[in-house]
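# Coordinate analysis (summary)
Here is what each chain is made of, one letter per residue.
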Amino acid sequence: MDRTTPGGAAAALSDAPAAVKGAPVSADIPRSVEVPRSVEVPRSVEVPRSVEVPRPAGVPRTVEVPRPAEAPRPAEALRPAEAPRPAEAPPAENLADGLFCADDLPDGLVIADHAGLVTVFNRAASRLTGISADSVLGRDVREVLPLQDADDRCWWTQTQPYDGLCTRTRHPERSLFLPDGTELLVSMGYVRDRDSGGARQHRSGAVRRLAITLRDTQQRSRAERSRADLVSTVAHELRSPLTSVKGFTATLLNKWPRFTDDQKRVMLETVNADADRVTRLITELLDVSRIESGRIEVHRELVDISDQARRVIAGRVAAGEAEDKFRLRADPGLPETWLDADKIFQILANLIENAVRHGAGTVTTMVESARIDGAPGVAVSVRDQGQGIEPELAPRVFRQFWRVKRRGGAGLGLYIVKGLVEAHGGTIAVHQAPGGGAEFRFTMPAGTPDFG
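Residues numbered from 1 in each chain as written. Predicted model: local features only at pLDDT ≥ 70, side-chain atom pairs only at ≥ 80, totals over all residues. Heavy atoms only, no water.

### Some thoughts on the overall build of the protein chain
If you tally the helices and strands in the protein chain, you get 13 helices and 16 strands. When the 452 residues of the protein chain are sorted by exposure, 30% land in the buried category. Contacts in the protein chain between residues far apart in sequence, at least 24 positions, make up 56% of those at least 6 positions apart. A total accessible area of about 29500 Å² is found for the protein chain, and carbon and sulfur atoms account for 52% of it. (Helix = DSSP H or I, 4+ residues; strand = E, 2+ residues; numbered from the N terminus. Buried < 20%, exposed > 50% of the residue type's maximum accessible area, 1.4 Å probe, protein only. Contact = heavy atoms within 4.5 Å. Areas by Shrake-Rupley, 256 points an atom, 1.4 Å probe, with all protein chains shown as cover.)

Structure, rendered in C-alpha cells:
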C-alpha cells in the first residue's frame, strides 16, 4: 500500500513510540516521519563554558555562562540526601575546663545556680572552709556556707540574694564567719538574665547565678600588723626627739639666767638636731606613702652623680665627721644621666649614712660606667669596711622596718632608697664588698629620656 494513503500513514505510525501514537493526526502530515528507536540519556549534562553568539556591533565575541552544578548520577540521584553529621562531642576532660580553671584560682570560688544549688566549689574554697567539694555540689549554698557577721546575724538573711532588689550587681568584700569561727573575706556578684529592651539589653532580670569569692584573712592581718608596726615605730621615733625638745626648751625658759652662753648654745643645738630628726622621719613616712601608692614624681634634668656624692660627703664633713673617713672615686667620661637631682641626693645620703651607722672604717663611693641590658648606664657603689651582711639576710634589707637590732632608726631608709631607684628605672642590690663589709650597688640608665 502506498504510504501517501491514509492506510499507509496509519501503518507508519504503528512503528512510532506510544507518545507519538497518541498525538493528533492533522491533515498536513509529512510524507515520512522518522522516529529514533531509542533515546540515550547522558549520565551528566556538560555545559560549555562559552557560547558562540552572533556578534552585533559593540558586543564581545564570546559570552561567559556560569557552569551549573553537575547533575547527579542516576545511582546518586536515587540515594537519599545524607543528613549533616553531628559535631563530635569534646572529650570528657574538656567539658570540665571551667572547673579546672576555677581550681587554678588562688582565691576560693563558689558558684550557685538560679535555685541556689552549688555548681562550682573550687579547691581554694575547700582549703579555706575545710569542706570537701564532692559533699557540697548540688546542695543549697546557704546551707553549705552559713555565713554570719560579727554580731552573729545571718548574712544570707541580710542580703537575700534571690529575693532582694533586682538592680543589685554585687556585694563588696567584708569579713564574715563560719559557725566554727573561721573568718573569711567574702564578696558576691550577681549574674542575671538579660531582658531585651529595644536595642539595649539590661541585666535587671532574675538571678541566673551567684559568684561568691572567699579570701583568707592572713593578708589583711599582715596589713594590720604592718600598720601597727608603723604606728609603734613612728611613736617611738617621735617620742625620743620630742621629749628632748620639750625638756630643753622647758629648762631654758625656767632657768635661762643660770646658764652660760656656751650651755645655752649646746641646748639649742640639741633642740635643732632633734627637730631635724622629726622632720626627716615625717619626710620618710611621706616617701613610703608615695612609694606604696605609686605616686612618686621624677623631675628629670641633667645630673652629675659624682657631684651629688661630693655634696653629701661635704655636708657630713661640715657636720663634724672626719674627712678621711670618706673616699670618692669617679670614672672619667661618664655618660649623661637625666635624673631627679633631689632624689639622687637623697639616695646617696641614705646609703652613706647607712654605711657610717652600721659599718666601720672608710666609706668608699664609686661611680663608674656600666652596660644595662646592652644600653649605656651608670653604676654607683657605696662600700664600708664593717662586718657586712649575711647572705641569708640580704633579701630582707630593703623591707620596711628592717634594721639591725643593736642600732636605732625607723628601718625605712633602705626601703625608700629601693623605691626611689626603681622609680628612675634602675636596680639596687647588696653584696659583700671585696675587702670585707657591705656593698650597696645601684644602676641608673643613661642617655636622653623620651619626654614624649
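### Observations regarding the nonpolar core
Ranked by size, the top nonpolar core spans 39 residues in total, and within it I347, L348, L351, F440 and F442 carry the most contacts. Sorting the residues of this core by element identifies α10 (261-293), α11 (305-318), α12 (341-358), β13 (363-372), β14 (375-383), α13 (413-423), β15 (427-432) and β16 (438-445) as the ones contributing at least two each. Broken down by element, the residue count for this core peaks at eight residues, all from α12. Setting aside chain neighbours within four positions, we find F442 in contact with I347, L348, L351, V378, A379, V380, V421, T427 and I428. If you look at the next biggest cluster of nonpolar residues, it comprises 24 residues, including W156, L178, V207 and L210. (Core = buried A, V, L, I, M, F, W, Y, C linked by side-chain atoms within 4.5 Å.)

### Quick look at the sheet that holds β15
Strand order in the open sheet formed by five strands is β11-β13-β14-β16-β15, with mixed pairing between adjacent strands. A strand with exactly one partner marks an edge of an open sheet, and here the two such strands are β11 (326-330) and β15. Each strand axis lies, on average, 20 degrees off the axis of its neighbour in the sheet, ignoring direction. Examined bridge by bridge, β13 and β14 share nine bridges and lie antiparallel to one another. Considered in β14, the bridge of M366 is made with S381. (Pairing = 2+ DSSP bridges. Axes fitted to C-alpha atoms, helices over the stretch in contact; angles between N-to-C directions.)

### Brief notes about the sheet that holds strand β4 (residues 118-121)
If you trace the five strands from one edge of the open sheet to the other, you get β4-β3-β9-β6-β5, paired in antiparallel fashion. Where the open sheet ends on each side, the last strands, each with one partner, are β4 and β5 (170-177). This sheet shows a mean twist of 20 degrees between the axes of neighbouring strands, independent of strand direction. As paired elements, β5 and strand β6 (residues 183-192) share six bridges and run antiparallel to each other.

### Here we look at α10
Its 33 residues give α10 an end-to-end C-alpha distance of 48 Å, which sits within 8% of 48 Å, the value for a rise of 1.5 Å per residue. Every buried residue of α10 is accounted for by K264, M267, V271, D274, V278, L281, E284, D287, V288 and I291. The secondary structure elements touched by the buried residues of α10 are α9 (218-254), α12 and α13. One or two residues past the end of α10 sits G294, with phi positive at roughly 70 degrees. (Expected span 1.5 Å × (residues − 1).)

### Looking at the packing of aromatic side chains
Enumeration according to the criterion identifies two aromatic pairs in this entry. Measuring from centroid to centroid gives 6.1 Å for F398 and F440, while their planes differ by 90 degrees, and the two rings are edge-to-face. Remark: F440 occurs in strand β16 and F398 occurs in the loop between β14 and α13; sequence separation between them is 42 residues. Across the ring face of Y190, the terminal group of R192 is positioned such that the distance to the ring centre comes to 4.8 Å. (Phe/Tyr/Trp six-rings, centres within 6.5 Å; stacked < 30°, edge-to-face > 60°. Lys NZ or Arg CZ within 6 Å of the ring centre and 35° of its normal.)

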